[in-house]
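Spelled out from the first residue to the last, the chains are:
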Amino acid sequence: SEAHAFYGAHQAGIATPVQDHLHFAAYDLSPRATREDLVALLQEWSYAAARLTQGLDVSATGAVGGNPAAPPDDTGEALGLPPAHLTITIGLGSSLFSTGDSADSDRFGLAAQRPAGLAPLPPFLGDALQAEWSHGDLCIQACADDPQVAVHAVRNLSRTAFGRASVRWSQMGFGRTSRTSAAQATPRNLFGFKDGTRNVLGTEEDRLAEHVWVGEGDEPAWLRGGSYLAVRKIEMQLEPWDRTSLAEQERVLGRDKAEGAPLSGGTEFTEPDFAAGAIDVASHVALAHPDHNGGATLLRRGYNFVDGTNALGRLDAGLFFLAYVRDLEQVITVQRALATDLMNEYVRHIGSATFAIPPGVAPGGWVGETLL
Ligand code: HEM
């Protein structure tokens with residue numbers, strides 16, 4: 001079937017085989033929104049998401065079943081389209097919890113339940129972060145094999161939020177830059193290199209339990225079965241990259257361009273041999289490898305983006321990096337290691353956000369019910 005269940009122990013859209021397209025949106029709650037508004041919004045989002053992921057309209061009345069004198073419940077552009085493996089993943093930003101010391105900064109009464117590790121990522125060398133691509137009280141990650149289906153989901157969930165939360169920023173992505181299933185061929189990012197070779201797969205229960213899901217013994221209890229999401233909007237300077245020799249491109253990544261094999265030899269899935277000397281110590285793969293980061297491992301689920309062309313006539317393009325982890329320290333460790341990455345000459349991080357991803361829910365339940 002082309003439909004993924006919305007309900008389950010974990011939210012869909014993490015271990016699920018990665019789809020071809022993304023529409024990601026970060027939301028801010030209205031300054032007037034109350035805790036009751038937040039609860040109602042998460043309930044309505046969950047109800048709508050359960051329908052949308054099955055290829056249904058946002059409500060039973062839908063796009064054409066309502067009063068002709070009123071705006072339709074559903075915007076209608078997905079009428080007749082299959083579910084296209086749509087998943088909708090809902091996240092909670094650190095700003096939802098207490099952000100200051102004053103009594104009124106804890107607007108939703110959630111300060112005591114804030115996960116200790118949920119905070120904006122610390123500054124990293126070379127960051128060029130822009131507020132308009134960063135943070136948010138809530139997020140929706142909609143992934144589907146048809147961009148129209150993903151956009152339809154975000155558009156209708158944004159309408160549902162009307163008066164309570166509004167879109168702070170959003171991002172379209174294509175050409176998944178990862179694989180989370182052994183059946184998927186490894187796709188390529190906009191540097192032309194295979195991306196996602198050494199990812200955590202959705203079928204690797206042990207690795208998911210160790211590196212991705214908040215575990216039974218982890219705090220806070222309400223997040224068990226959930227995860228954390230780190231988002232980085234990374235610009236890629238494609239024109240200088242395209243003028244770089246093939247040998248240099250391969251040195252920067254530490255892998256060959258044709259197969260994605262480590263420069264130490266073998267095929268795509270051969271373990272890199274860093275001792276052999278063929279892989280530059282400052283290559284991306286050497287610096288990001290778990291062996292050089294105390295075992296830190298990420299489930300990467302990013303997408304390519306092209307947002308048109310900038311004032312210099314260059315592609316406004318890059319990688320919208322999404323990583324799911326059991327603890328955001330895993331991302332911080334790897335990102336710190338990338339401070340001396342040869343790739344930094346060609347990339348610039350312009351957006352950053354972190355979210356707690358609550359566990360999945362049973363039919364009729366709603367994402368966030370364990371917290372609120
Ligand atoms: C591996 C590209 C940003 C973490 C790779 C690989 C490529 C790649 C081609 C090798 C294939 C693979 O194993 O998937 C890029 C590009 C980036 C980017 C083009 C930005 C534009 C990042 C960031 C992080 C990261 C920001 C972490 C914060 C990793 C990790 C691996 C990896 C953990 C796997 C290392 C291993 O297990 O061998 N990346 N990457 N990457 N990257 Fe990136």
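For the structure given in this document, a descriptive report is provided here. For every chain, the first residue of the written sequence is number 1, and numbering continues from 1 onward in sequence order. Side-chain atom pairs in this predicted model are given and counted only at pLDDT of 80 or more, local residue features only at pLDDT of at least 70, and totals for whole chains, interfaces and linings cover all residues. Excluded from the side-chain calculation are hydrogens and water; included are all heavy atoms of the structure.

**Brief notes about unusual backbone geometry**
Selection rule: Numbering of helices and strands runs from the N terminus; a helix is a DSSP stretch of H or I covering at least four residues, while a strand is a stretch of E covering at least two.
The omega torsion across glutamate 219 and proline 220 is -5°, close enough to zero to call that bond cis. Here the phi dihedral of histidine 85 falls at roughly 60°; this positive angle occurs in a residue that is not glycine. Position of histidine 85 among the secondary structure elements: in the loop between α1 (35-52) and β2 (87-93).

**Looking at the side chain of threonine 89**
Stated precisely, the cut-off is as follows: Polar contact is the term for a pair of N or O atoms within 3.5 Å; when the atoms are in protein, one must be able to donate a hydrogen and the other to accept it, and sequence-neighboring residues count only if both atoms are side-chain atoms. Here, residues are in contact when the closest pair of their heavy atoms is within 4.5 Å.
Among the structural elements, threonine 89 can be located in strand β2. From its side chain, threonine 89 meets the backbone oxygen of alanine 12 in a polar contact 2.6 Å long. Not counting residues within four places of it along the chain, the set of residues in contact with threonine 89 comprises Gln11, Ala12, Gly13, Ile14, Cys139, Ile140, Gln141, Tyr324 and Ile357.

**Looking at α1**
Our working definition: Expected span of a helix: the number of residues minus one, times 1.5 Å. Think of it in three bands: residues with accessible area under 20% of the maximum for their type are buried, residues over 50% are exposed, and the middle band is partly exposed, with areas taken using a 1.4 Å probe on protein chains only.
Taking 1.5 Å of rise per residue, 18 residues should cover 26 Å, and α1 covers 25 Å from first to last C-alpha, within 8% of that figure. All buried positions along α1 are accounted for by Leu38, Val39, Leu41, Leu42, Trp45, Ser46, Ala48, Ala49, Ala50, Arg51 and Leu52.

**Digging into helix α7 (residues 329-337)**
Residues of α7 that are buried: Gln330, Val331, Ile332, Val334 and Gln335. Summarising the contacts, the buried residues of α7 are in contact with α3 (205-211), β5 (227-236), α6 (284-288), β8 (315-325) and β9 (347-357).

**Quick look at the pairing of β8**
As a reminder of what qualifies: Here the rule is simple: two strands pair whenever DSSP picks up at least two bridges between them.
Most of β8 sits inside the fold, with nine of its eleven residues counted as buried. Inspection of the sheet shows strand β6 (residues 299-300) paired to β8 by two bridges, in the antiparallel sense. Across the sheet, leucine 299 pairs through a bridge with tyrosine 324, a residue of β8. Here five bridges tie strand β7 (residues 303-309) to β8, and the two strands are oriented antiparallel to one another. From the neighbouring strand, valine 306 faces β8, where its bridge partner is alanine 317. Connecting β7 to the antiparallel partner β8 that follows it, the hairpin turn spans five residues, and glycine 313 within it adopts a positive phi of roughly 80°.

Fair warning: the whole summary comes from geometry, so function is off the table for now.
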